[in-house]
Amino acid sequence: NIDKTFKDYNEIADKQAKDPDNGPYEAYGGGKSYDVWGKKFFTNGPMDVNDAFHVAIVTPVIHYCMGGMRINDDAESLKANGDVVKGLYSAGEAAGGIHGSNRLGGNSLL
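A short tour of the structure in this document, coming up. All residue numbers here refer to positions counted from 1 along the written sequence of the relevant chain. In view of the model being predicted, local features appear only for residues whose pLDDT reaches at least 70, and side-chain atom pairs are presented and counted only at 80 or more, with totals across whole chains, interfaces and linings using the full set of residues. Each side-chain value is derived from all of the structure's non-hydrogen atoms; neither hydrogens nor water enter the calculation.

Structural notes on the environment of Ala 13
- Secondary structure elements follow DSSP: runs of H or I of four or more residues count as helices, runs of E of two or more count as strands, with numbering from the N terminus. Inspection of the secondary structure puts Ala 13 in helix 1 (residues 2-18).
- Residues Ala 13 and Phe 41, 28 residues apart in the sequence, show an inter-C-alpha distance of 7.7 Å.

This is the structure:
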């Protein structure tokens, strides 16, 4: 239940704060952790069931793409065999955009 989950979380956070270098698990990003999943930073605690919580639905989305559509000089989209897809035009990142074939991944993490 949520009470037990919060109690366990707070205990792990407390251990991590008091002795960050000697947890039994490998920490995400290096070092050691008392959390089985490797979490080593607990900046949002201590957790309490009487706190205010905001819930949202999170769904995966495409943040950016690095091309994928082949186009000709007239921006007409091409099929895999090179034939034009009548009436379909592509531009921007859908056709390579300013990033070409290699966008620096860190750009989207800022």
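A look at a nonpolar patch on the surface
- Among the surface-exposed residues, Tyr 25, Val 36 and Trp 37 lie close enough to one another that they form a single nonpolar patch of about 400 Å² accessible area.
- Relative to the helices and strands, Val 36 is located in the loop between strand 2 (32-33) and strand 3 (70-71). Nonpolar side chains (Val, Leu, Ile, Met, Phe, Trp, Tyr) are joined into patches within 5 Å and like charges within 9 Å, using only residues with over 30% relative accessible area and no salt bridge. Using a 1.4 Å probe, the Shrake-Rupley method yields the accessible areas, and only the shown protein chains count as cover for residues. By salt bridge we mean one thing: a side-chain nitrogen of Lys or Arg within 4 Å of a carboxyl oxygen of Asp or Glu.

Some remarks on the side chain of Ser 90
- Assignment of secondary structure puts Ser 90 in the segment after strand 5 (84-89).
- Under the relative-accessibility criterion, Ser 90 is labelled buried at 9%.
- N or O atoms within 3.5 Å of each other form a polar contact, as long as, within protein, one can give a hydrogen and the other can take it, and as long as residues adjacent in sequence are counted only when both atoms are side-chain atoms. Here Ser 77 takes part through its side chain, which lies 2.7 Å from a polar atom of the side chain of Ser 90.
- We call two residues contacting when some pair of their heavy atoms lies within 4.5 Å. The residues contacting Ser 90, other than those within four sequence positions of it, are Met 69, Ile 71, Ala 75, Ser 77 and Ala 95. The buried label applies to any residue whose accessible area, calculated with a 1.4 Å probe on protein chains only, is under 20% of its type's maximum; exposed applies above 50%, and partly exposed to all values in between.

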